[in-house]
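# Structure assessment
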Amino acid sequence: MLRLAPALAIGVLLAPVVCGVLATLLPAFGYLPALGGDQFTIAHFAALIEYPGIGRSVLLSLATGLLTTAIALAIVVTFVSGWYGTRMFARVQHLISPLLSVPHAAAAFGLALLIAPTGYFFRLISPALTGSSRPLDLFILNDPLGITMMAGLVAKEIPFLLLVTLAALPQTSARRSGQIAQAAGYGRMSGFLFVTWPLVYRQIRLAVFAVIAYATSVVDVAVILGPLTPPPLSVRLTQWMSDPEIAMRFIASAGALLQLLVTVAAILIWAGFEKLAGWLVSRQRNAGHRYPKERWARTLGLAVILLVSAVIFLGLMLLGLWSFAGYWAFPDALPRTMTLTNWMRVLPSLSNPLATTLSTGVVATLIAIVLALGCLEREARTGRTGGSRALLFVYLPLIVPQVSFVFGLQLFFLGLGLDATWGALVLVHLVFVLPYVFLSLSDPWRAWDWRFASVAHGLGASPDRTFWKVRLPMLLKPALVASAVGFAVSVGQYLPTLLIGGGRWPTITTEAVALASGGNRRIIGVYAFVQMLLPFIGFAIATIVPAFLFRNRNDMKATS
Amino acid sequence: MTGLALQNVVVRLNGRDLLSLSENIAPGEILTVMGPSGSGKSSLLAYVGGFLDSNFQATGQILLNGEDLTNQPAHERHTGILFQDPLLFPHMSVGENLLFAIPASVKGPDRHQQAEQALGQAGLEEFFDRDPATLSGGQKARVALMRVLVSQPRALLLDEPFSKLDAGRRDQIRRFVFDEAKRQNLPILLVTHDEADAIAAGGKIIDLDQ
């Protein structure tokens, strides 16, 4: 069984992407016999570029991908270079880590409730600063340049980039090289940038590409915060893919291919800038510039990251507040009354999506953790790691845009007669859950002291007994945390749920995003609050269970 | 033919011979292999125990009481090992660490009794339910030894097991380990860089430095 784990995992990661892209490619060029397309043509591409504003949609997607990644990465680098190894750093890290598990849609709704013209920010400063007790006529949400959408994406990508950076740092001798650089007269930040950062970046490069791919093709955040006329390419594709008009499937497939090209272009442009940045940094380094005056830059780095965390936290609290709000007029800072009515009204329609969310998330996570454990245990027993090629497989579903292969996958399932089944939904969630589970589990798993296994074998314990009685219990907490990460990823899935579920398997996330255009803040508050709560419960379980089981085992607290 | 026999054992790293030796260790005897770090002495131990890292290559036969261990998996060799660190399983109590090691052929209340008896031998009565993390360094070392002994090993491999103990307690623990292992008539392979270990062991010494 264990022998099969790596092959199964690669199958789960590779097959849906390959089948999905192929099943997009054929109809994009007109071939889909089931819908009457039986000859190859480029007519659908011609039709695609005739759509009004398609060029603007493409540009918007491209710019969103590059700008949000650049800004989020810049914020993370500024903060890490200025504060790594300090007590403040540890504090901020604890503050930000939980934000990783917040679904994108919930964070976006929270941001909307905070900065909309009738949002919390303007309530606080009205009428004192705005001079008006009526909402200002500002185009903040869904602004045509996508600035609010980009801000939301930046805020959500910071925790991810920070955590992958932190995971990469132990593999560099950051602290010692920092001391050497500072002894040579470099500032803390310049020393880090010149010496440590190039080593870190090499390790997190695939994660950065995943962020670019995500931001060029995001749907849920774009629906909630992004421009409407025209929306980014991915949002238009999603509309076409759900269009009852069958001819639209061909246009949507052509568009999915276009999206793939946009994402690839964004990554290539980024790779060009990598070269440029590398050249600039090495030029500065070789010139011996020390940049010892860095206080303002350090302060700014800290201030920005604290501001971003504060905005997300405040947004999430507003979701909770709105879900219990009774009468709440502008510009009151707080609702006049609090009520359970919103919840009572929503609960009956909430239970079905909630059950789908839970069952899909739990089953996909269970399969993912079993596969990840199987791969890692197989690796430990054979001494063979997959190396960088395996890492590429892990990142593949995160780098190929969802919208470019999930639609094809839907057509593929349709051909197999498996469309809109719960099994298909679990499978497509698994494609995205498995990479995160694997990435989050592999570091602690590999860091485990192998001598414990040698001792156990010397005592006569078979590899299986050693796994179940020694290794897994000792690594229970990382395994549960990885599961919680996987569950959070599943809860947050919007597009795959929408397309593969075919509308028959609504989840909390698809329902919440569908509410965006309606603008009922109380109902949105309930859905987005539940959406945020589910991952949180997962992480609470991952913390409480090991703490309870090993409450009398001091070394288990230190190691996990 | 009793005891542990190493026949033409050669350990290599990247095609370079680190060490080669042929030795017989009779039951109750200690063979000490001394050498600085990087001399391959720990790899020798790993080869005998069956957990050599795949970066190393090794050849030669290992016979235990006449039985060829060379291609057996680690858990079927019954070669108990002690490392520098006691490596008590941190999620189990002291007693559970011993129960883990006692062979499954020992059943029922005998298991518990054997564990308690082993703790008594180590001067650790009443320690069964203790969290290993709360033990002193010397106590942990004694539990680690008892854990190996209750597993009914056929040979004992010691990888600098005393180097992390403080000087005052080292002699005492060393005496305890050697005495208990000899009492069970086990062949012992000790690798160390500490000459005092080699002298206290009182057996044949192979110095890889020379």
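Residues numbered from 1 in each chain as written. Chains lettered and ligands numbered in written order. Predicted model: local features only at pLDDT ≥ 70, side-chain atom pairs only at ≥ 80, totals over all residues. Heavy atoms only, no water.

Moving on to the overall build of chain B. The helix and strand inventory of chain B stands at six helices and nine strands. Here the C-alpha atoms of chain B give a radius of gyration of 17 Å, agreeing with the 17 Å that 2.2 N^0.38 yields for 210 residues. Along the three orthogonal principal directions, the C-alpha set of chain B runs to about 50 × 40 × 30 Å. Among the 210 residues that make up chain B, the fraction classed as buried is 53%. Total accessible area on chain B stands at roughly 9,000 Å², and carbon and sulfur atoms take up 46% of it. (Helix = DSSP H or I, 4+ residues; strand = E, 2+ residues; numbered from the N terminus. Rg over C-alpha atoms; globule rule 2.2 N^0.38 Å. Buried < 20%, exposed > 50% of the residue type's maximum accessible area, 1.4 Å probe, protein only. Areas by Shrake-Rupley, 256 points an atom, 1.4 Å probe, with all protein chains shown as cover.)

Quick look at the sheet that holds strand 8 (residues 188-192) of chain B now. Residue and element names in this part refer to chain B. The strand order 6-7-8-3-9 describes an open sheet built from five strands, whose pairing is parallel. The sheet is open, and its two borders are formed by strand 6 (79-82) and strand 9 (204-207), each paired with just one other strand. Going across the sheet, the axis of each strand differs from the next one's by a mean of 15°, ignoring polarity. Inspection of the sheet shows strand 6 paired to strand 7 (residues 155-159) by four bridges, in the parallel sense. Note that in strand 7 the partner of Thr-79 across the bridge is Ala-155. Contacts between helix 4 (residues 137-150) and the sheet are confined to strand 6 and strand 7, with strand 6 contributing the most and set at about 175° to the helix. (Pairing = 2+ DSSP bridges. Axes fitted to C-alpha atoms, helices over the stretch in contact; angles between N-to-C directions. Contact = heavy atoms within 4.5 Å.)

Between chain A and chain B, the residue contacts involve 26 residues of the former and 28 residues of the latter. Summed over both sides, the interface of chain A with chain B buries roughly 2,300 Å², with 66% coming from carbon and sulfur. Among the residues chain A hides against chain B, the three largest losses belong to Arg451(A), Leu459(A) and Arg553(A). Together they make up 29% of the total. Across the chain A-chain B interface, the total number found is two salt bridges. Viewed at the interface, chain B and chain A are joined by six residue pairs in polar contact (both at pLDDT 80 or more). Sorting the residues of the side of chain A that touches chain B by element identifies helix 18 (451-458), helix 19 (463-474) and helix 24 (554-559) of chain A as the ones contributing at least two each. The element that contributes the greatest number of residues to the side of chain A that touches chain B is helix 18 of chain A, accounting for seven residues. Grouping the constituent residues of the side of chain A that touches chain B by class yields 12 nonpolar, eight polar and six charged. (Buried area = accessible area lost by both parts, 1.4 Å probe. Salt bridge = Lys/Arg side-chain N within 4 Å of Asp/Glu carboxyl O. Polar contact = N/O pair within 3.5 Å; in protein donor to acceptor, adjacent residues only side chain to side chain. Nonpolar A, V, L, I, M, F, W, Y, C, P; charged D, E, K, R; others polar.)

Moving on, we get to the packing of aromatic side chains. Residue and element names in this part refer to chain B. Throughout the structure, instances matching the rule amount to 24 aromatic pairs over all chains. Ring geometry for Phe-162 against Phe-178: centres 5.7 Å apart, planes inclined by 85°, an arrangement best described as edge-to-face. With a gap of 16 residues between them, Phe-162 in the loop between strand 7 and helix 5 (167-183) and Phe-178 in helix 5 connect regions that are remote in the sequence. Note on Phe-162: relative accessible area 1%, which makes it buried. (Phe/Tyr/Trp six-rings, centres within 6.5 Å; stacked < 30°, edge-to-face > 60°.)

For the coordinates displayed, the defined rule picks out 19 salt bridges over all chains. With a closest N to O distance of 2.7 Å, Asp85(B) and Arg451(A) form a salt bridge. One end of the pair, Asp85(B), is in the loop between strand 6 and helix 2 (94-101); the other, Arg451(A), is in helix 18, on a second chain. Residues participating in the shared-partner salt-bridge network are Glu377(A), Arg381(A), Asp464(A) and Arg471(A).

With 230 residues, the main nonpolar core has Leu73(A), Phe79(A), Ile204(A), Leu441(A), Phe89(B) and Leu189(B) as its most contacted residues. Residue contributions to this core reach at least three from each of two domains, namely domain 1 (1-78 + 154-210) and domain 2 (88-152) of chain B. Filtering out sequence-adjacent residues up to four positions away, Phe89(B) remains in contact with Phe452(A), Val455(A), Ala456(A), Leu459(A), Val470(A), Asn97(B), Phe100(B), Pro132(B) and Arg147(B). (Core = buried A, V, L, I, M, F, W, Y, C linked by side-chain atoms within 4.5 Å. Domains from an automatic or database assignment.)

On to the state of the cysteines, then. Residue and element names in this part refer to chain A. In the structure shown here, the tally under the stated rule is zero disulfides over all chains. Not part of a disulfide, Cys-375 finds its nearest cysteine sulfur in Cys-19, a span of 19 Å. The class for Cys-375 is buried, based on a relative accessible area of 13%. (Disulfide = S-S within 2.5 Å.)

Another aspect to go through is the domain arrangement of chain B. All names here are of chain B. Segmentation of chain B into domains returns domain 1 (1-78 + 154-210) and domain 2 (88-152). The gap between the C-alpha centroids of domain 1 and domain 2 is 24 Å. Contacts between the two partners involve 11 residues from domain 1 and, on the opposite side, 12 residues from domain 2. Counting each side, the surface lost to burial between domain 1 and domain 2 is near 960 Å², with a carbon and sulfur contribution of 69%. Among the residues domain 1 hides against domain 2, the three largest losses belong to Ile-173, Phe-176 and Glu-180. Together they make up 40% of the total. If you look at where domain 1 meets domain 2, you find zero salt bridges.

The predicted model of chain B has a mean per-residue pLDDT of 92, with 99% of residues at 70 or higher. For this predicted complex, the interface confidence score (ipTM) comes to 0.94, while the overall pTM stands at 0.92. (pLDDT = per-residue confidence, 0-100.)

The pairing of strands in a sheet comes from backbone hydrogen bonds and takes either a parallel or an antiparallel form. Residue and element names in this part refer to chain B. Pairing in this open sheet of four strands is antiparallel, and the strands run 2-1-4-5 from one edge to the other. Bordering the open sheet on either side are strand 2 (16-25) and strand 5 (67-68), each of which pairs with just one other strand. Bridge count between strand 1 (residues 4-13) and strand 2: eight bridges; the pairing is antiparallel. Residue Leu-6 lies in a different strand from strand 2, and its bridge partner there is Glu-23.

This part covers the packing of helix 8 (residues 174-183) of chain A against helix 9 (residues 188-217) of chain A. Residue and element names in this part refer to chain A. Contact geometry for helix 8 and helix 9: axes closest at 9 Å, N-to-C directions at 120°. By the angle between their axes, helix 8 is oblique relative to helix 9. For the element pair helix 8 and helix 9, the recorded crossing hand is right-handed. Contacts between helix 8 and helix 9 involve Ala-174, Ser-177, Ala-181 and Gln-182 from the former and Arg-188, Gly-191, Val-195 and Thr-196 from the latter. (Parallel < 35°, antiparallel > 145°, perpendicular 65-115°, else oblique. Left-handed = near helix turned anticlockwise from the far one by under 90°.)

Once that is clear, we can look at the side chain of Arg471(A). Residue and element names in this part refer to chain A. In this fold, Arg-471 is placed in helix 19. On the accessibility criterion, Arg-471 (9% relative accessible area) is buried. At 2.9 Å, the side chain of Arg-471 and the backbone oxygen of Trp-445 are in polar contact. If sequence neighbours within four positions are ignored, Arg-471 has contacts with Glu-377, Ala-380, Trp-445, Trp-448 and Thr-466.

A few words on helix 1 (residues 41-49) of chain B. Residues and elements named next belong to chain B. Where burial is concerned, most of helix 1 is hidden: eight out of the nine residues are buried. Residues Lys-41, Ser-43, Leu-44, Leu-45, Ala-46, Tyr-47, Val-48 and Gly-49 constitute the buried set of helix 1. Of the residues flanking the end of helix 1, it is Gly-50, one or two places downstream, whose phi is positive at about 90°.

Let us look at the environment of Asp194(B). Residues and elements named next belong to chain B. Residue position: Asp-194 is located in the loop between strand 8 and helix 6 (195-201). Owing to a relative accessible area of 22%, Asp-194 belongs among the partly exposed residues under this scheme. Here the alpha-carbon distance between Asp-194 and Ser-163, two residues 31 residues apart in the chain, equals 7.8 Å. Apart from residues lying up to four places away in sequence, Asp-194 is in contact with Met-34, Arg-170 and Arg-174. A polar contact of 2.9 Å, which involves the side chain of Asp-194, links it to the backbone nitrogen of Ala-196.

Following Thr229(A), the chain continues to Pro230(A) via a peptide bond in cis, the omega torsion being -10°. Along the chain, the position of Pro230(A) falls in the loop between helix 10 (220-225) and helix 11 (233-241). Notably, Tyr291(A) is not glycine yet its phi reads approximately 45°, a positive angle. Its place among the elements puts Tyr291(A) in the loop between helix 12 (248-286) and helix 13 (295-323). Positive phi values are uncommon outside glycine, yet Asn185(B) reaches one of about 60°. Mapped onto the elements of the fold, Asn185(B) is located in the loop between helix 5 and strand 8.

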